[in-house]
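A closer look at the structure
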Amino acid sequence: MLRHAALTLALLATAGCAQISGPSAEAVAACRAGDWDRFGENDGRLGIATQDRAGLFESCNSLGTPADLAAYQTGRARGLEGFCTLENGYEIGLSGRRYDGVCPPNLATDFLQGFNRGRAERPVGAVLGEDVRVGLGIGIGSRGR
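What you see is a predicted model; the values in this text were computed from it and never measured.

**A short note on the pattern of salt bridges**
By the definition in use, this model includes seven salt bridges. Residue Glu41 is joined to Arg45 by a salt bridge in which the shortest nitrogen-to-oxygen separation is 4.0 Å. Of the two residues, Glu41 and Arg45 both sit in helix H3 (residues 36-46), four residues apart, roughly one turn of that helix. Of the charged contacts, one joins Asp43 and Arg53 as a salt bridge, the two residues approaching to 2.7 Å between their closest N and O atoms. Here Asp43, found in helix H3, pairs with Arg53, found in the loop between H3 and helix H4 (54-62); they are 10 residues apart in sequence, far enough to count as distant.

So this is what it looks like as structure tokens:
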């Protein structure tokens, strides 16, 4: 029985390594779907940097189904039009989310204006990563008496 358990663990460890080294199931599905225009548009709407997809593009190449980068970039440009707005910049700045510089120059000015305004209007506790409902320092609030 102990021998059976050891063999099972060895097989699981080997399977885990094989799974880690190869493309993920999600990558395989994305590569085979091949709707790169729609995939790029979605990435643009979410503000995902192109370099964040380098691993996926490499996985597709290794699977023999290379990404259509032209279609991806066309869709991404459309998606960025929805992401790189004054309003969205404000929401991202206010929420404290990171901005990866993905907006093209013709859209960046409005986005950054909103982003900077949102950052400036964040509550002090949110900027410090604290819960603003709790005292903001030693001696403030009910515990500091």
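**A look at the state of the cysteines**
Scanning the model with the defined rule gives two disulfides in all. The disulfide bridge from Cys84 ends at Cys103, spanning 2.1 Å between sulfur atoms. Negative torsions about the S-S bond denote left-handed disulfides, and the value of about -100 degrees found for Cys84 with Cys103 makes this one left-handed. Taken together, the residues span a long stretch of sequence, with Cys84 in the loop between helix H5 (69-83) and helix H6 (86-95) and Cys103 in the loop between H6 and helix H7 (105-120) at a distance of 19 residues. Cys103 shares its class with Cys84; the two are buried.

**Observations concerning the nonpolar core**
In terms of nonpolar packing, the biggest core is built from 12 residues, these being Ala49, Leu80, Phe83, Cys84, Ile92, Tyr99, Val102, Cys103, Leu107, Ala108, Phe111 and Phe115. Taken together, the elements giving at least two residues each to this core come down to H5 and H7. Apart from the residues within four sequence positions on either side, Cys84 is in contact with Cys103, Pro104, Leu107 and Phe111. Of all hydrophobic cores here, the second largest spans eight residues; its members include Cys31, Trp36, Leu56 and Cys60.

**Some thoughts on the packing of aromatic side chains**
With the rule as written, the count across this model stands at eight aromatic pairs. With a centroid separation of 5.3 Å and 25 degrees between ring planes, the pair formed by Phe83 and Phe111 is classed as stacked. Of the two residues, Phe83 is situated in helix H5 and Phe111 in helix H7; the sequence distance between them amounts to 28 residues. With 5.8 Å between their ring centres and 50 degrees between their planes, Tyr99 and Phe115 make a pair best called tilted. Of this pair, Tyr99 sits in the loop between H6 and H7 while Phe115 sits in helix H7, and the two are 16 residues apart along the sequence. You can call Phe115 buried: its relative accessible area is 11%. An aromatic cluster is defined as three or more aromatic residues linked by ring pairs; in this entry it consists of Trp36, Phe39, Phe57 and Tyr72.

Conventions and cut-offs
- Residues numbered from 1 in each chain as written.
- Predicted model: local features only at pLDDT ≥ 70, side-chain atom pairs only at ≥ 80, totals over all residues.
- Heavy atoms only, no water.
- Salt bridge = Lys/Arg side-chain N within 4 Å of Asp/Glu carboxyl O.
- Helix = DSSP H or I, 4+ residues; strand = E, 2+ residues; numbered from the N terminus.
- Disulfide = S-S within 2.5 Å.
- Buried < 20%, exposed > 50% of the residue type's maximum accessible area, 1.4 Å probe, protein only.
- Core = buried A, V, L, I, M, F, W, Y, C linked by side-chain atoms within 4.5 Å.
- Contact = heavy atoms within 4.5 Å.
- Phe/Tyr/Trp six-rings, centres within 6.5 Å; stacked < 30°, edge-to-face > 60°.

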